[in-house]
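Summary of structural features
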Amino acid sequence: ASMRQPPPPNELTPLPACDGTTDMAILWHIAREAPELRRWLIANPRADATLLEYVAQAGGPGVTEGLEVLLTSIDPAGTDAAHGATGRVHAEAPR
């Protein structure tokens, strides 16, 4: 018997993925089960370092670009460092 919870009843769309009021359990469900929505998790103010690391390693459409935007917004002067960080993460998780 599986101990996993059933998927949330809500339809998975970009809106709950980037909504700061979405429960963390749903965000983790999106991260694990909906690779096409992972890029939207990066924009969620509730996404913590653990969730962002998972998203970075798991990848998906738009994830690398989303991480570049996030890192550049945190340190606009360190654009080269931001690109280097996302390149390193990408290089560590070949698909």
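The structure under discussion appears in the preceding block.
So, how was this worked out
- Residues numbered from 1 in each chain as written.
- Predicted model: local features only at pLDDT ≥ 70, side-chain atom pairs only at ≥ 80, totals over all residues.
- Heavy atoms only, no water.
- Helix = DSSP H or I, 4+ residues; strand = E, 2+ residues; numbered from the N terminus.
- Buried < 20%, exposed > 50% of the residue type's maximum accessible area, 1.4 Å probe, protein only.
- Contact = heavy atoms within 4.5 Å.
- Core = buried A, V, L, I, M, F, W, Y, C linked by side-chain atoms within 4.5 Å.
- Axes fitted to C-alpha atoms, helices over the stretch in contact; angles between N-to-C directions.
- Parallel < 35°, antiparallel > 145°, perpendicular 65-115°, else oblique.
- Left-handed = near helix turned anticlockwise from the far one by under 90°.
- Nonpolar A, V, L, I, M, F, W, Y, C, P; charged D, E, K, R; others polar.
- Polar contact = N/O pair within 3.5 Å; in protein donor to acceptor, adjacent residues only side chain to side chain.

Looking now at the overall build of the chain. Scanning the chain from N- to C-terminus turns up six helices and zero strands. Of the regular secondary structure in the chain, the N- to C-terminal order runs α-α-α-α-α-α. By residue count, 33% of the 95 residues in the chain fall in the buried class. In the chain, of all internal contacts separated by at least 6 residues, the share reaching a separation of at least 24 is 40%.

A general tendency of soluble globular proteins is for nonpolar side chains to be buried together. One finds Ile-30, Ala-31, Leu-41, Ile-42, Leu-51 and Val-55 to be the most contacted residues of the largest nonpolar core, which totals 17 residues. Of all the secondary-structure elements, those providing two or more residues to this core are helix H2 (24-33), helix H4 (49-58) and helix H5 (63-74). Of the residues forming this core, the biggest block, five residues, is contributed by H2. For Leu-41, the contacting residues outside a window of four places in its chain are Ala-17, Leu-27, Ile-30, Ala-31, Ala-47, Leu-52 and Val-55.

This brings us to the packing of H2 against H4. Relative to each other, H2 and H4 sit at 10°, their axes nearing to 10 Å. Between H2 and H4, the crossing angle belongs to the class labelled roughly parallel. As for how H2 packs across H4, the hand of that crossing is left-handed. When H2 is examined against H4, the residues Met-24, Leu-27, Trp-28, Ala-31 and Arg-32 are found in contact with a partner set consisting of Thr-50, Leu-51, Tyr-54 and Val-55. Looking at side-chain class alone, the contact of H2 with H4 contains seven nonpolar, one polar and one charged residues.

Moving on, we get to the side chain of Thr-22. Considering the arrangement of structural elements, one finds Thr-22 in the loop between helix H1 (14-18) and H2. Classification of Thr-22 as buried rests on a relative accessible area of 8%.

Next up on the list: the side chain of Asn-44. Topologically, Asn-44 is positioned in the loop between helix H3 (38-41) and H4. Of the polar contacts made by the side chain of Asn-44, one reaches the backbone oxygen of Asp-19; its length is 2.8 Å. Beyond its immediate chain neighbours, meaning those up to four positions away, Asn-44 contacts Pro-16, Ala-17, Cys-18, Asp-19, Gly-20 and Leu-27.

Let us look at H4. Where H4 is concerned, the buried positions are Leu-51, Leu-52, Val-55, Ala-56 and Ala-58. In the segment just after H4, Gly-59 is the residue with positive phi, at about 70°.

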